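# Survey of secondary and tertiary structure
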Amino acid sequence: MNKLKLNYTSLSFLPILVCIPLGYQLITNIHFGGFKLFQEFLISAFNPKIDNEIIITVINRLNETILIGFFSWLVSIIFGTIFGILSSNIFYIIFNIPNFFYHLIRFFLTVVRSIHEVVWGILLMQIYGINFSIGIIAISIPYIAVNSKVFAEQLETIDHKSFESINEINAPKFSSLLTLIWNPIINTFKNFGLYRLECSIRSTVILGLFGIGGIGTSIFLSFQTLNFRDLWTYLWSLAILIILSGLIFKKIKFNTTNKILSIFFIAVFFITILFSFLYFLYFIFNNNFDNFNSVSSLFKTSSDFGLFDLLKLILETIILSLLSTGIAISLPPLVIGIFNNKTSKIFIKIFAFLLRLIPTPVILLILLTFNNPSLSLAALTLGLHNAGITSKLLFTNLESQNRRNYIAMKSLGISKKTSWLLGLFSQQAKSYLAYCAYRSDIITRETAIVGVIGSVGLGWQLQESLSSFAWQEVSIVLIAYSSIAIVGELINGKIKSSLT
Amino acid sequence: MNNTLLELKNISYKYKNNLILNKINLKINSGEKIALLGKSGSGKTTLISVLNGTIKPTQGEVKLFNKSFEESDRKQKSKITTIWQDLRLIEDLSAEQNVNCGLLAENNFYFAFKNLLNISSFKKAHKYMQLCRLHYSIYDKKIRKLSGGQKQRVAIARSLIQGSNILLADEPFNNLDPKLITTIKNLLLENVDKNNTKKYPKTALVALHKLDLLNDFDKVIGIRDGKIFFNIKRTNLNKLHLDKIY
Ligand SMILES: Nc1ncnc2c1ncn2[C@@H]1O[C@H](COP(=O)(O)OP(=O)(O)OP(=O)(O)O)[C@@H](O)[C@H]1O
Ligand SMILES: [Mg+2]
């Protein structure tokens, strides 16, 4: 009998088994009350509202979204680079700093990263009130930590031998550091940094759903009032924005040999740092901390929030993350593999784009039209949204791959699906899984947003505690989030290192 | 004048219970040209790494200008330059940028920055690349795109441009054709002093596999299993010596 062999390919498909418990809970929760709404939602996609009034709203709202998205991207990519350098081992080797600080800053960044930008946004809003710059700050904080991780990871790939050779030249330490990190930093910026702009815009939209300006607010309001035609106008204009931002960056060739461009980038770099500091000072001195005092006093109030409840919420959050990750990993290769022809490919791509485009809370609300709220529903939402993202990566990688093996297998008479699996996908499986490991970190963070709406896990508790100003509970929930993230990161690191 | 520049005192190096260098004593005097012989795996590269401070010995003391190596400052350490067996160039930078890295020690941070942005002057780098017979068409090519012998000469140019007194070279003639070997050998051992630049290192220790190149050296050191078997004048070298180490 053939034993099921565990390799990268089978590991990419196995997680789909989460669909068994998930499907069971979903089926038992089905209802048909919202069918009409759902139908209307779908039809409106092809019939968005277009008139002067809404176009003006769209332009104004998009302006806000672009501003928040762009500046949070700029700030987070620049400070992400700096923190990335500060949390890479090459920095500590060159400057001979004790490893303790390396672990300290990494730990600090992990904690910052584990708290979703929406949570930062809500917290900051409670303290400072609604304010345009809250959006930028709320996104920048966790994004700096996320970006710094990616930069640090790339810096860890610097060959120790090239370090030794530069070290042997006995250059000033900063010169050595700069010379060694230059290319990894530039390449990471090109491959990863530009894509982060899209993420910033998406996060801005999500923050908007929670009332912090931009197109997200309009999306949420139109959904609340069931104006699906308005909703789709906003969604489509957002789609155009995301596509355009991607296209613009594709067109710009980042050529480091161009003097004027280099000077421009360096100027932007330093001006951003300067302004961020100035703004930080302004922010500190221009806010009276009356609110903050009340916040800190609330820290002392006791809560009726037991350890048992906390453990239950943590467990729920972990299950939610696992189920969603399972879908995000296995659904794309499964669907792409089964429907392996030109027309289906186009449909899958469009569907994946929509899943990326529509903010998770909205997806969840749509799913609620024919299913009662449950953990599985929240998991399905997160899973689908992230499958939209992983499938984009998978498509890009598959299309850039050499098709020789695939064609050779097909010409041997092996079925199309098998050839795809063994000739194309199997070579991608490893890097795909490595990316999914990174994605699972993000999914854990995102449980906060579906939790808030779907009434599961820590996200829900967070919302409850925030709205009742129970700050002690809030801090407990945040600590719980950080602990999950830290443990998750440790496990992910282990999995990742065993995969590569 | 017997002025000792570098000295190894009773050096041993252990790696995971393997004794790779075993009680090595060695003096490198000013102006000496030393050939280091030994079969593959005998410890030549490890010895060179100890001499330039890349590897800390498990036991013993390294002295630079009669001072403990650890206590020497950056300026003094930069009096040593190394051509590595595996070259250790920065693959993503161009040939001229790599050669310019050799100038990092005598310049400030701004120079490093300009070098990476490709807006520094490459005049000096080009001069040394020319001496190594590198064609100008490869000056701005990334290291990844060069041939083995071209990479080898970029590494040599990077080392020479440092203007150090002491050269440590680990099989620097790899990948070079006979004519180039002569050119490079003369450059490294200062037999030809073109334009009177006097920049080339006067003192050299070169790990070698090709015995026909020995004629240009004053001294020969034979090493086997991490131990020095002989350390003699070249003129005294005979077949028995070589039988011991090969
Ligand atoms: N990084 C390392 N880790 C473990 N063992 C090593 C390492 N580097 C060298 N060695 C071992 O040390 C011994 C000496 O190696 P070394 O590279 O110094 O030899 P070599 O004389 O330079 O050889 P070759 O002529 O092939 O370059 C070898 O047995 C080698 O296996
Ligand atoms: Mg060697």
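Residues numbered from 1 in each chain as written. Chains lettered and ligands numbered in written order. Predicted model: local features only at pLDDT ≥ 70, side-chain atom pairs only at ≥ 80, totals over all residues. Heavy atoms only, no water.

Before going further, it helps to examine the site of ligand 1. Residues and elements named next belong to chain B. Taken together, 13 residues lie near ligand 1, and S40, G41, K44, T45 and T46 sit nearest. One of the side-chain nitrogen or oxygen atoms of S40 is found 2.5 Å away from an oxygen atom of ligand 1. Protein burial of ligand 1: of its 630 Å² of free accessible surface, 58% is covered by the chains. For the shell around ligand 1, the element with the highest residue contribution is helix α1 (residues 44-51), accounting for three residues. Of the residues that constitute the shell around ligand 1, the class distribution is two nonpolar, eight polar and three charged. (Near = heavy atom within 4 Å. Polar contact = N/O pair within 3.5 Å; in protein donor to acceptor, adjacent residues only side chain to side chain. Areas by Shrake-Rupley, 256 points an atom, 1.4 Å probe, with all protein chains shown as cover. Helix = DSSP H or I, 4+ residues; strand = E, 2+ residues; numbered from the N terminus. Nonpolar A, V, L, I, M, F, W, Y, C, P; charged D, E, K, R; others polar.)

Further remarks concern the nonpolar core. Ranked by size, the top nonpolar core spans 172 residues in total, and within it I219(A), L238(A), L458(A), F173(B), L188(B) and L208(B) carry the most contacts. Per-element tally for this core: the top contributor is helix α4 (residues 52-86) of chain A, with 11 residues. Setting aside anything within four residues of it in sequence, one finds L238(A) in contact with I201(A), V205(A), I215(A), I219(A) and L357(A). (Core = buried A, V, L, I, M, F, W, Y, C linked by side-chain atoms within 4.5 Å. Buried < 20%, exposed > 50% of the residue type's maximum accessible area, 1.4 Å probe, protein only. Contact = heavy atoms within 4.5 Å.)

Residue and element names in this part refer to chain B. Taken together, the protein ligands of the magnesium ion (ligand 2) are T45 (OG1) and Q85 (OE1), with distances of 1.9 to 2.2 Å. Residue T45 is found in helix α1, and its partner Q85 is found in the loop between β6 (80-83) and α3 (95-101); the two are separated by 40 residues along the sequence. Look at T45 and you get partly exposed, because its relative accessible area is 28%. A relative accessible area of 34% means that Q85 is categorised as partly exposed. (Donors = N, O, S within 2.8 Å, 3.2 Å for Na, K, Ca; no water.)

Once that is clear, we can look at the domain arrangement of chain A. Residues and elements named next belong to chain A. Domain assignment breaks chain A into domain 1 (1-30 + 295-500) and domain 2 (45-254). Spacing between the C-alpha centres of domain 1 and domain 2 amounts to 21 Å. Facing 37 residues of domain 1, the contacting portion of domain 2 comprises 37 residues. For the pairing of domain 1 and domain 2, the buried interface totals around 3,000 Å² over both sides, and the portion due to carbon and sulfur atoms is 74%. A per-residue breakdown of the area domain 1 buries against domain 2 is headed by L357, Y438 and R445, which together make up 21% of the total. Here domain 1 is connected to domain 2 by three salt bridges. Residue D441 pairs with K149 through a salt bridge whose shortest N-O separation is 2.8 Å. At the junction of domain 1 with domain 2, the criterion picks out five residue pairs in polar contact (both at pLDDT 80 or more). Those elements that provide at least two residues to the side of domain 1 that touches domain 2 are α17 (342-357), α18 (360-367), α19 (375-399), α21 (416-454), α22 (457-467) and α23 (471-499). Considering only residue class, the side of domain 1 that touches domain 2 consists of 25 nonpolar, four polar and eight charged. (Domains from an automatic or database assignment. Buried area = accessible area lost by both parts, 1.4 Å probe. Salt bridge = Lys/Arg side-chain N within 4 Å of Asp/Glu carboxyl O.)

Below, the discussion takes up the pattern of salt bridges. Tallied over the full model, the rule gives 17 salt bridges over all chains. Its salt-bridge partner being D86(B), residue K161(A) comes within 3.0 Å of it at the nearest N-O pair. Here D86(B) lies in the loop between β6 and α3 and K161(A) lies in helix α9 (residues 160-169), a pairing that spans two chains. The class of K161(A) is partly exposed, set by a relative accessible area of 38%.

On to a positive patch on the surface, then. Where like charges cluster on the molecular surface, the positive patch consists of K190(A), K141(B), K142(B) and K145(B). Here K142(B) falls in the partly exposed class, since its relative accessible area comes to 36%. (Patch = residues over 30% accessible without salt bridge, like charges linked within 9 Å, V, L, I, M, F, W, Y side chains within 5 Å. Lys, Arg positive; Asp, Glu negative; His and termini not counted. Charge placed at Lys NZ, Arg CZ, Asp CG, Glu CD.)

Looking now at the side chain of Q97(B). All names here are of chain B. Looking at the secondary structure, you find Q97 in helix α3. According to the relative accessible area criterion, Q97 is buried, its value standing at 4%. With residues near it in sequence (within four places) discarded, Q97 still touches N115, L116, N118 and F122.

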